[in-house]
Amino acid sequence: VRQRLEALREGSATDRIRLAGQLGRRLAEVAGLDSPLAIELAALLTTDAERNQFLSSYLMRLGQLEPTAALALAQQVADQLRATSTTSGLNAFGRVAALGSVFRGWASVDPYAAALAAANQPADVRQAVLSVVADVWAANDLPGALAWGQSLAESGAGTVAIARIAAQWATKDLQGAI
C-alpha cells in the first residue's frame, strides 16, 4: 500500500488514477473494512478522479470479499466521502456510486445474492443497483441473467435491469437478442 501511495506522487494523471484503483483494491485485501484508514487515504489523493477511482476500487473489492459488510459501509460513509471532495456536485463520490461499486463486486462472485440484496434497496437507488447487477451477471452468465430478468419482468420491478441484460445479450449474440 505504501509503495503505491508513493508512486501516486509521480507520473501522469492517467497513471495516478490507475494506481489509485490498485491502492483501493489492495487496501480492501489488507485492511478490509478499516473505513477510517480508507477515508484518510482518500483525503490524501489530490484529485476527484483519483479519489473516486480509489473508493470505487476499494468498495468493489470489499463487495467481493465481504459483501454485506461492504454494503453497510457504503450506506454509511457516502455523505462523509462527499464532504471530503475538493469540489461539489457531479465529481463527488456519492451514495449511488458507492453502492454501485459494492454491487459490481458482489455480483461478480455471487450474482444471485447480489440481486436479492439489490431488490431490497431503498427506492431511490434500487434501479441503479439492479442495473449494475444485471450488467455484471449478464456479462458473466447470460442464461442466468436472462432467467433472473424474466422474474423481474413478471414482478414489474426491473425495467432498467432488463434493458441492461438485453444490451449485454446483443453484444454477444445480436440475432439471438432480436
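Worth saying up front: this structure is predicted, and the values here are computed from it rather than measured. Sequence order as written defines the numbering, with residues in each chain counted from 1. Since the coordinates come from a predicted model, pLDDT governs what is reported: local features require at least 70, and pairs of side-chain atoms require 80 or more to be given and counted, while whole-chain, interface and lining totals use all residues. Side-chain metrics rest on all non-hydrogen atoms present in the structure, leaving aside hydrogens and water.

Enquirer: When you look at the overall build of the chain in this model, what are you seeing that I'm missing?
Expert: Secondary structure counts use DSSP, requiring at least four H or I residues in a row for a helix and at least two E residues in a row for a strand, with both numbered from the N terminus. Each helix and strand counted, the chain has eleven helices and zero strands in total. Burial here depends on accessible area, computed with a 1.4 Å probe over protein chains only, as a share of the maximum for the residue type. Under 20% is buried, over 50% is exposed, and the range in between is partly exposed. Counting all 178 residues of the chain, 40% fall into the buried class. Contact between two residues is taken to exist if any of their heavy atoms lie within 4.5 Å; hydrogens are not considered. Sequence separation of 24 or more characterises 61% of the internal contacts of the chain that already satisfy a separation of 6 or more. Only the protein chains shown count as covering a residue, and every accessible area follows the Shrake-Rupley method with a 1.4 Å probe. For the chain, the exposed area adds up to about 9,000 Å²; of that, 53% sits on carbon and sulfur atoms.

Enquirer: Can you walk me through helix α4 (residues 48-65) in this structure?
Expert: Helical geometry note: an α-helix holds 3.6 residues per turn, so side chains three or four residues apart project in the same direction. Multiplying 1.5 Å by the residue count of a helix minus one yields the expected span of that helix. Spanning 18 residues, α4 covers 25 Å between terminal C-alpha atoms, matching the ideal 26 Å at 1.5 Å per step. Among all positions of α4, only Asp48, Glu50, Arg51, Phe54, Leu55, Ser57, Tyr58, Leu59, Leu62 and Gly63 are buried.

Enquirer: Hey, could you run me through the environment of leucine 62 in this one?
Expert: Its place among the elements puts leucine 62 in helix α4. A relative accessible area of 0% places leucine 62 in the buried class. Expressed as a C-alpha distance, the spacing of leucine 62 and phenylalanine 103, which sit 41 residues apart in the sequence, is 9.8 Å. Once residues within four sequence positions are removed from consideration, leucine 62 is found in contact with Ala28, Gly32, Leu33, Pro67, Ala70 and Leu73.

Enquirer: Which parts of the structure should I look at to understand the side chain of glutamate 50?
Expert: Its place among the elements puts glutamate 50 in helix α4. A residue is classified by how much of its surface remains accessible, and glutamate 50, at 3% relative accessible area, is buried. If we ignore the near neighbours within four places in the chain, the residues touching glutamate 50 are Arg16, Ile17, Ala20 and Leu45.

Enquirer: Would you explain helix α7 (residues 111-119) in this entry?
Expert: All buried positions along α7 are accounted for by Ala114, Ala115, Ala117 and Ala118. Mapping the buried residues of α7 onto a view down its axis gives an arc of 165°, with all of them on the same face. Think of the arc as the fan of directions from the helix axis to the C-beta atoms.

Enquirer: Can you help me understand the packing of α4 against helix α6 (residues 95-109) in this one?
Expert: The description of two packed helices rests on the angle between their axes and on the distance between the axes. For helices, the fitted axis covers only the stretch in contact; all axes are lines through C-alpha atoms, and the angles between them, taken along N-to-C directions, range from 0 to 180 degrees. Here α4 crosses α6 at 40°, and the two axes come no closer than 7 Å. Between α4 and α6 lies a crossing whose hand is right-handed. Here Ser56, Leu59, Met60, Gly63 and Gln64 of α4 come into contact with α6, specifically with Ala98, Ser101, Val102, Arg104, Gly105, Trp106, Ser108 and Val109. Looking at the contact of α4 with α6, its residues break down into six nonpolar, six polar and one charged. Left-handed describes a crossing whose near helix is turned anticlockwise from the far helix through less than a right angle; right-handed describes the clockwise counterpart. Classification used: nonpolar for Ala, Val, Leu, Ile, Met, Phe, Trp, Tyr, Cys and Pro, charged for Asp, Glu, Lys and Arg, polar for all others including Gly.

Enquirer: Please explain the confidence of the model for the chain as it appears in this structure.
Expert: Interpreting fine coordinate detail is not advised for predicted regions of low pLDDT. One confidence number per residue, pLDDT, is output by the predictor and ranges from 0 to 100. Per-chain confidence: the chain averages 80 in pLDDT, with 77% of residues scoring 70 or above. A low-confidence stretch, residues 78-91 stays under pLDDT 50, and its non-local contacts, those more than four residues away or across chains, total 21 contacts.

Enquirer: What exactly am I supposed to notice about the packing of aromatic side chains here?
Expert: Aromatic ring pairs are defined here through the distance separating the ring centres and the angle between the ring planes. Only rings of Phe, Tyr and Trp enter the pairing, Trp through its six-membered ring, and a pair is recorded when the two centres are within 6.5 Å. The plane angle decides the type: under 30 degrees is stacked, over 60 is edge-to-face, the rest tilted. This model, assessed by the stated rule, comprises three aromatic pairs. Considering the side-chain rings of phenylalanine 54 and tyrosine 58, the 6.2 Å spacing of their centres and the 5° angle between planes classify their relative orientation as stacked. Taken as a pair, phenylalanine 54 and tyrosine 58 lie in helix α4 at a separation of four residues, close to a single helical turn. Taken individually, phenylalanine 54 and tyrosine 58 each receive the classification buried, so the pair is uniform in this respect.

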